[in-house]
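# Coordinate inspection notes
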Amino acid sequence: MTTGSLLAVDLVIAVLAAAGWLGAGGASAARRRPLALGLAALALLAMLARAVTVTALARAGWWFAAEKVLIAAPLSVAGVVVAGPRLLRAAGDVRAVAVPLLFAGYAAGAGLLVTVLHGYPASAGVGLLALAGVVAATAVSWRVLGTRPSPTVSRAAVAVAVAALVTGTGLTVTPEPAPAVPHDHQYREAGTAGEPTRRFTLTAGTATVTVAGRDVAAWAFNGQVPGPELTATVGDVLEVTLRNRDIGRGVTLHWHGYDVPNSQDGVPGVTQAAVLPGQEFVYRFRADQVGTYWYHTHSASDVGVRKGLYGVLVVRPAPVTGVDVTVPVHTLSGVSLPAARTEPVQAGTPVRLRLINTDSTTHRYALAGTPFRVAAIDGYDLRGPTPLVDTAVLIPAGGRYDLVFTAPATPVALFVDGRQVYATGPVSVATDGWPVLDPLGYGVAAPAPWSRFDKTFTLVLDRGLDLRGLLPRYAHTVNGAADPDIPPQVVRLGDVVRFTIVNRSQVVHPWHLHGHHVLVLTRDGRPAAGSPLWLDSFDVRPGEVWQVAFRADNPGMWANHCHNLAHADAGMTLHLMYA
Ligand code: C2O
Ligand code: CU
């Protein structure tokens, strides 16, 4: 069983345990003895099962089990110790054990709440708050059921609850920290990239575009979705003038995967101010990186990208030979882009399909009718990619794969999530059952460029209650905090930096660091065994632990965030900063 499914199973069992005890308490209050006994037995079983799942999770990494071991387990054990013997001894009136059973339920429920609302890292403060909650709920139950214990016991209970509440609150509510990233700093000066050799103008505006025969209200660059395809040859100097006609929330251009100088990175409030209606901003950078990239607004990025403010950026080593097609996949108002197209290709022609995922979730791509190789991922060529047949690839949000093949005499077709998007002729084949390529084992390995690291960071991804803003929100968190309160990763120019990313949530987080490509070292403790993988976007699935590294060679302040842009908006964004 994967760690991800263990996390899910453990959650379900925890719910069963809490529900079992609470149900048993209710049944005994209603004097339904057999039902109470049955539910208590169920709860006990669930708790034993949890001992197994929590142990298994702890073996996958303390991150996955910390609060379960330190907070939920002691609370649960207390519940059993209090309720168990009393239940066995309650010969006549089963109602007498209602409160102890409810206590066990509150204890199991409190442990569950700590996991769901707080997560990682476990802290003494949160443990004490959970304890206060359990004691208070028990005291209320005494009142309601009219089975008050002796005055000494109830006074002791009140004292414990108050002390735990006060201490827990004191430990949890720390003074407001300074925002992680100073948003009032001077934006960096644009570097000198040289005289432009390729000029483009992108005007952002609201527009009605027709997709699949339907008129859709979109936000578009130059009135089209996707925006114009920007192409260059390596060595060109690109100059892109961004204008905003009427996007009230502002726009910017971020060159996803292109490791531009910081001043050109297009992150509003960090590298530039958002471009408001009527304003413009000129981007200029050298096209030194060959490969498949894309651009998108980084202002109101969740809505903005979804509504259509994105386009393709391709930098080629030389003028195109053969067939070179970009396939930017996007979901616009429920319609899947691009529309399917078929164009015959002469047998023997070299073909490159540049697959781009501009959505916030993973897509599955399958190329049928020919052996092919994955020549590049995220713009970086792979080493020694071998031919693949009837194999699908999963591309994370923001990611790109270049597939290459020589056109056979028979037709070839590309499917995205089972939908045909590109073909050289009629093909009908079911691709759903195909195995999926694991890029960590594909191609030929090379020795790692570094053996020691100057800085290491750990990012534990989770969900949790964020109480720091004006309104509490259920945020996507990193190390228990949400943007803007996640401490930045501070590095020095030249550092070799390693970071570990742990996903203890129930959803996929496609991770994306700006300004740098990271080299994948390990996943779930197993070293990457194929071609070196230099990625800018990678899916960290529930329960997974990735270790990646990069050299800090591009000074500035860089966003480091989940590329499910709704998650990024809901807290899952931090920054990499050069000291
Ligand atoms: Cu493509 Cu910060 O994002
Ligand atoms: Cu995410």
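By convention here, each chain's residues receive numbers from 1 onward along its written sequence. Just so you know, chain letters begin at A and ligand numbers begin at 1, following the order they were written in. Reporting in this predicted model follows two pLDDT cut-offs: at least 70 for local features of residues, and 80 or more for side-chain atom pairs to be given and counted; totals over whole chains, interfaces and linings ignore these cut-offs and use all residues. Note that water and hydrogens are dropped before the side-chain values are worked out from all heavy atoms of the structure.

### Quick look at the overall build of the protein chain
What counts here: The helix count covers DSSP runs of H or I at least four residues long, the strand count covers runs of E at least two residues long, and both are numbered beginning at the N terminus. The rule is simple: take the accessible area with a 1.4 Å probe, protein chains only, and divide by the maximum for that residue type; under 20% is buried, over 50% is exposed, in between is partly exposed. The criterion used for residue contact is that any of the two residues' heavy atoms lie within 4.5 Å.
Along the backbone of the protein chain there are eight helices and 31 strands. Taken along the three principal axes of its C-alpha coordinates, the protein chain extends 90 × 55 × 55 Å. Residue burial in the protein chain is summarised as follows: out of 579 residues, 52% are buried. Sequence-distant contacts in the protein chain: of pairs separated by 6 or more residues, those separated by 24 or more amount to 77%.

### Some thoughts on the coordination of the copper ion (ligand 2)
Put simply, the test is: Note on donors: an N, O or S atom is included if it sits within 2.8 Å of the metal, or within 3.2 Å for Na, K and Ca, and water is never included, so sites can look incomplete.
Of the protein atoms, only His509 (ND1), Cys562 (SG) and His567 (ND1) coordinate the copper ion (ligand 2), at distances of 2.0 Å. Donor residues for the copper ion (ligand 2), ordered by position in the chain, follow H-x52-C-x4-H. In this pair, His509 sits in strand β24 (residues 509-513) while Cys562 sits in strand β30 (residues 557-562), placing the two residues 53 residues apart along the sequence. Note on His509: relative accessible area 0%, which makes it buried.

### What to know about a nonpolar patch on the surface
Under the convention used in this document: Only residues whose relative accessible area exceeds 30% and that take part in no salt bridge are eligible for patches, with like-charged residues grouped when within 9 Å of each other and nonpolar side chains (Val, Leu, Ile, Met, Phe, Trp, Tyr) grouped when within 5 Å. A 1.4 Å probe and the Shrake-Rupley method give the accessible areas. Residues count as covered only by the protein chains that appear here. Whenever a carboxyl oxygen of Asp or Glu lies within 4 Å of a side-chain nitrogen of Lys or Arg, that contact is scored as a salt bridge.
Judged by side-chain polarity, Leu113, Val116, Leu117, Leu465, Leu467 and Tyr474 come together as a nonpolar surface patch covering roughly 510 Å² of accessible area. Looking at the nonpolar patch, the element that brings in the most residues is helix α4 (residues 98-118), giving three residues. Looking at where Leu113 falls in the secondary structure, it is placed in helix α4. Note on Leu113: relative accessible area 49%, which makes it partly exposed.

### Things to note about the layout of surface pockets
The condition is simple: In this analysis the probe radius is 1.4 Å and the grid spacing 1 Å, with only protein atoms considered; a cavity is a set of points the probe fits into but cannot get out of, a pocket is an open set with protein on both sides within 12 Å along at least five of seven lines, and lining residues have an atom within 4 Å of a point. Grid points are joined across faces, edges and corners, and a volume is the space filled by probe spheres set on the points. Asp, Glu, Lys and Arg are counted as charged, while Ala, Val, Leu, Ile, Met, Phe, Trp, Tyr, Cys and Pro are counted as nonpolar; the rest, among them Gly, fall into the polar class.
Size it by volume and the second largest pocket reaches roughly 380 Å³. As for the second largest pocket, its lining consists of 19 residues, of which Pro268, His298, Asp483, Asp569 and Thr573 are closest to the centre. Put simply, the parts of the chain that give the lining of the second largest pocket at least two residues each are β30, α8 (565-569) and β31 (573-578). At three residues, α8 tops the list of elements feeding residues into the lining of the second largest pocket. Among the residues forming the lining of the second largest pocket, the class breakdown is seven nonpolar, nine polar and three charged.

### Comments concerning the domain arrangement of the protein chain
To keep it simple, the criterion reads: Boundaries of every domain are those given by an automatic assignment or by a domain database. Buried area is understood as the total, over both parts, of accessible area removed when two parts are fitted together, assessed with a 1.4 Å probe.
You can read the domains of the protein chain as domain 1 (3-173), domain 2 (191-319), domain 3 (321-437) and domain 4 (455-578). With centres defined by C-alpha atoms, the gap from domain 1 to domain 4 works out at 34 Å. Tallying the contact residues gives 15 residues for domain 1 and 19 residues for domain 4. Of the roughly 1200 Å² buried between domain 1 and domain 4 on both sides combined, carbon and sulfur atoms contribute 59%.

### Details of the UniProt feature "transmembrane region" (unreviewed entry) in the protein chain
Condition: UniProt positions are given in the numbering used here, feature names are shortened, and annotations may be inferred rather than shown by experiment.
The positions UniProt marks with the feature "transmembrane region" (unreviewed entry) are residues 6-24, 36-57, 69-88, 100-120, 126-145 and 152-173. Helix and strand shares over residues 69-88 are 100% and 0% respectively, and the end C-alpha atoms of the span are 27 Å apart.

### So, the sheet that holds strand β5 (residues 254-256)
Put simply, the rule reads: Paired strands, in this sense, are two strands between which DSSP finds at least two bridges. Lines fitted to the C-alpha atoms define the axes, with helices restricted to the stretch that makes contact. Angles between their N-to-C directions range from 0 to 180 degrees.
Across the sheet, which stays open at both edges, the four strands sit in the order β3-β8-β7-β5 with mixed pairing between neighbours. The sheet is open, and its two borders are formed by β3 (230-233) and β5, each paired with just one other strand. Taken over all neighbouring pairs, the strand axes of this sheet differ in orientation by 25 degrees on average, direction set aside. As paired elements, strand β7 (residues 291-296) and strand β8 (residues 310-316) share six bridges and run antiparallel to each other. Across the sheet, residue Trp294 finds its bridge partner in β8, namely Val312.

### Let's talk about the packing of α4 against helix α5 (residues 124-145)
The test is simple: Crossing handedness is read from the near helix: turned anticlockwise from the far helix by less than a right angle, it gives a left-handed crossing, and turned clockwise, a right-handed one.
Between α4 and α5, whose axes approach to 9 Å, the crossing angle comes to 150 degrees. Seen along the crossing, α4 lies across α5 with a hand that is right-handed. Here α4 contributes Ala98, Val99, Leu102, Phe103, Tyr106, Ala107, Ala110, Val114 and His118 to the contact with α5, which in turn contributes Val126, Ala130, Val134, Ala137, Thr138, Ser141, Trp142 and Leu145. Grouping the constituent residues of the contact of α4 with α5 by class yields 14 nonpolar, three polar and no charged.

### Some thoughts on the pairing of strand β28 (residues 537-540)
For a regular strand, side-chain orientation follows a simple rule: the groups alternate between the two sheet faces. Side chains of β28 alternate between two faces, with Ser537 and Asp539 and Phe538 and Val540 buried alike. Direction of pairing for β24 relative to β28: antiparallel, over a ladder of four bridges. Across the sheet, Trp511 pairs through a bridge with Phe538, a residue of β28.

### Notes on the packing of aromatic side chains
Where we set the bar: Centre distance within 6.5 Å is the pairing criterion for rings of Phe, Tyr and Trp, where only the six-membered ring of Trp is used; planes under 30 degrees apart are then read as stacked, over 60 as edge-to-face, and the remainder as tilted.
Under the definition given, this model contains 13 aromatic pairs. Taking the centre distance of 5.8 Å and the plane angle of 80 degrees together, the rings of Trp255 and Tyr283 count as edge-to-face. Of this pair, Trp255 sits in strand β5 while Tyr283 is found in strand β6 (residues 280-286), placing the two residues 28 residues apart along the sequence. Of the two residues, Trp255 and Tyr283, neither departs from the other in class, the shared state being buried. Geometrically, the ring pair formed by Trp294 and Tyr310 is edge-to-face, given 6.5 Å between the ring centres and 75 degrees between the ring planes. Separated by 16 residues along the polypeptide, Trp294 in strand β7 and Tyr310 in strand β8 bring together distant segments of the chain.

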